[in-house]
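Next come the chains, spelled out residue by residue.
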Amino acid sequence: MSELWSPLVRRLTPYVPGEQPKIADLIKLNTNESPYGPSPRAIAAIREAAGGDLRLYPDPEATALRDAIARRVGLTAAHVFVGNGSDEVLAHAFQAFFDHGDPVLFADVTYSFYPVYCGLYGLPFEQIPLDEAMRVRVEDYAHPCSGVIIANPNAPTGIALPLTAIETLLAAHPSRVVLVDEAYVDFGAESAVSLISRHPNLLVVQTLSKSRALAGLRVGFALGDPALIEALVRVKDSFNSYPLDRLAQVGAQAAIEDENWFSESVARLITTREQLSGGLRELGFEVLPSSANFVYARHPDRDAAHLAAALRERAIIVRHLKGPRTAPWLRVTVGADEQCATLLDSLRGILLSNS
Ligand SMILES: Cc1ncc(COP(=O)(O)O)c(C=O)c1O
């Protein structure tokens with residue numbers, strides 16, 4: 001700590017991202033990245049744009065990308081906001097919508113960036129416990145608040161809520177924004193986008209980092225009533241007019257438009273997820289029903305931190321989150337088939353050697 005720091009910076013507890021180790025031949029199942037490369041059309045578009053035009057600023061409104069997203073989801077560009085990863089979009093949304101004095105509501109076990117944004121913007125928050133089965137109970141969110149944020153499917157559990165539950169939240173808080181973070185929605189949950197035309201208080205946030213395999217490009221977007229989008233633009237243009245560079249804009253557009261690549265790779269990943277879940281259950285793990293590109297699993301009589309450390313010795317990294325409710329669990333990203341097979345073999349060996 002330095003005396004040069006502002007009081008705010010002294011108070012911050014920043015988010016800790018999953019590690020990106022520089023170890024050769026590592027099986028990296030800790031940050032929910034895609035095991036497949038992105039759409040070849042996205043890579044071709046980025047290569048083509050990597051030329052002399054980089055001397056020019058990019059389109060501050062990312063018009064072509066927003067048009068492509070709008071076409072795909074059946075809305076207009078006025079319903080679309082884009083940002084530098086959905087983390088940035090979420091940060092702007094917290095600042096734009098959640099400062100009404102009452103707490104922001106989110107689950108006790110969910111994406112751990114939410115309390116960090118509250119710390120950054122000085123927003124009070126209340127963490128609503130998941131039930132015993134690690135599910136969100138929307139009835140527990142029916143009290144005065146500055147807004148609600150739900151990850152659907154939730155992270156790190158992978159469990160999805162039906163749209164009826166999202167509608168219950170929207171109806172309970174008509175004068176507050178209900179933000180649905182759909183980072184993993186493409187892997188099997190129902191998107192709330194279809195509710196946008198009936199609910200001006202609904203903001204849906206998605207990302208190209210997971211189902212489009214573009215975590216390295218940093219592109220996320222929000223969908224909602226044009227009045228909500230205007231608020232996000234006001235925050236963005238008070239912070240950074242050009243959050244998406246030229247390469248990100250063209251790459252993201254090509255990825256959004258490559259429907260075949262998208263549907264094939266999502267289907268492939270879901271098949272592998274179900275095999276991985278089955279394999280873990282055979283080894284005695286309890287595995288929550290996942291609608292995401294990761295699974296959340298615990299062993300009835302093995303310490304999760306110990307398992308994570310033993311896997312690491314075998315060059316496999318999974319995510320173990322400390323904390324009263326998360327400590328017994330491992331979050332395992334669904335990798336390629338061979339990676340998941342190696343993981344299961346290694347776990348089998350670890351379990352046997354300790355029994
Ligand atoms: C629930 C959730 N939301 C948002 C994000 C942020 O994704 P990105 O900033 O890569 O779009 C993540 C990343 O892991 C996540 O798990």
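Here, residues in each chain are numbered from 1, in the same order as that chain's written sequence. A pLDDT threshold of at least 70 governs which residues receive local features in this predicted model, and a stricter bar of 80 or more applies before side-chain atom pairs are shown or counted, although totals over entire chains, interfaces and linings include all residues. The side-chain quantities take in all heavy atoms of the structure and omit both hydrogens and water.

J.: Please provide a residue-by-residue account of helix 3 (residues 63–73), values included.
T.: Throughout this description, buried means an accessible area under 20% of the type-specific maximum (1.4 Å probe, protein chains only), exposed means over 50%, and partly exposed covers the range between. Comment: elements are numbered from the N terminus, with helices defined as DSSP H or I runs of at least four residues and strands as E runs of at least two. Residues of helix 3 that are buried: L65, R66, A68, I69 and A70. Buried residues along helix 3 sit against strand 2 (80–83), strand 8 (220–224) and helix 8 (246–257). In what follows, residue pairs with any heavy atoms lying within 4.5 Å of each other are defined as contacts.

J.: Break down the site of the ligand for me, citing the residues and quoting the values.
T.: Taken together, G85, S86, D87, L90, Y111, D181, A183, Y184, T207, S209, K210 and R218 are the residues near the ligand. Contacts to the ligand include S209, whose side-chain N or O atom sits 2.6 Å from an oxygen atom. Whenever a nitrogen or oxygen atom comes within 3.5 Å of another N or O atom, the pair is scored as a polar contact, on the condition that within protein one atom can donate a hydrogen and the other can accept it, and that pairs from neighbouring residues in sequence are kept only if both atoms are in side chains. At a separation of 2.9 Å, an oxygen atom of the ligand approaches a polar side-chain atom of K210. Think of a 1 Å grid over the protein atoms and nothing else: a 1.4 Å probe that fits but is trapped marks a cavity, an open set flanked by protein within 12 Å on at least five of seven lines marks a pocket, and residues with an atom within 4 Å of a point count as lining. Whether a molecule lies in a cavity or pocket depends on its atoms, and more than half of them have to be within 2 Å of the grid points. More than half of the atoms belonging to the ligand lie within 2 Å of the grid points that define the largest pocket. With 4 residues, the single largest contributor to the shell around the ligand is helix 4 (residues 85–97). By the convention adopted, Pro, Cys, Tyr, Trp, Phe, Met, Ile, Leu, Val and Ala count as nonpolar, Lys, Arg, Asp and Glu as charged, and the other residues, Gly among them, as polar. Looking at the shell around the ligand, its residues break down into 4 nonpolar, 4 polar and 4 charged. Throughout, near means a residue has at least one heavy atom within 4 Å of the molecule or strand.

J.: Go over the layout of surface pockets, please, and point to the residues and values.
T.: Grid points are joined across faces, edges and corners, and a volume is the space filled by probe spheres set on the points. Put simply, the largest pocket is a space of about 1,000 Å³. Forming the walls of the largest pocket are 46 residues, and the residues nearest its centre are Y15, Y111, S112, R319 and R331. No other element matches the 4 residues that helix 4 contributes to the lining of the largest pocket. Along the lines of polarity and charge, the residues of the lining of the largest pocket split into 21 nonpolar, 15 polar and 10 charged.

J.: Explain the sheet that holds strand 9 (residues 286–287) residue by residue, including any values.
T.: Between any two strands, pairing holds if DSSP finds at least two bridges. In spatial order, the strands read 9-10-12; together these 3 strands make up an open sheet with antiparallel pairing. Of all the strands in the sheet, the pair left with one neighbour each is strand 9 and strand 12 (330–333). Each of strand 9, strand 10 (294–298) and strand 12 touches helix 9 (residues 259–282); the most contacted strand, strand 10, lies at about 10° to it. A fitted line through C-alpha atoms represents every axis, and for helices the fit uses only the stretch in contact; the resulting angles, taken between N-to-C directions, go from 0 to 180 degrees.

J.: Give a description of the pairing of strand 5 (residues 147–151) that names residues and reports values.
T.: Along strand 5, 5 of the 5 residues are buried, which leaves the element largely enclosed by surrounding structure. Both faces of strand 5 are covered, namely the face carrying G147, I149 and A151 and the face carrying V148 and I150. Alignment of strand 3 (residues 104–107) against strand 5, held across 2 bridges, turns out to be parallel. Paired with V104 across the bridge in strand 5 is G147. Here a crossover is taken to be right-handed if, once the strands point away from the viewer, the path from the first strand over the helix to the second is traced clockwise. Handedness of the crossover is the feature at issue here: the chain leaves strand 5, passes through helix 6 (residues 163–172), returns alongside strand 6 (residues 178–181), and the resulting connection is right-handed.

J.: Go over the pattern of salt bridges with me, naming the residues and quoting the values.
T.: The salt bridge criterion pairs a side-chain nitrogen of Lys or Arg with a carboxyl oxygen of Asp or Glu, the two atoms within 4 Å. On inspection of all chains with the given rule, the structure shows 13 salt bridges. A salt bridge links K236 to D237, with the shortest nitrogen-to-oxygen separation between them at 3.2 Å. By relative accessible area, which is 43% here, D237 ends up partly exposed. We note a salt bridge from R298 to E286, for which the minimum N-O separation is 2.8 Å. Of this pair, R298 sits in strand 10 while E286 sits in strand 9, and the two are 12 residues apart along the sequence. Owing to a relative accessible area of 30%, R298 belongs among the partly exposed residues under this scheme. On the basis of relative accessible area, E286 is assigned to the partly exposed category, the value being 35%. Because the salt bridges share partners, they merge into one network encompassing R137, E139 and D140.

Without other data, these values stay purely geometric and don't point to any function.
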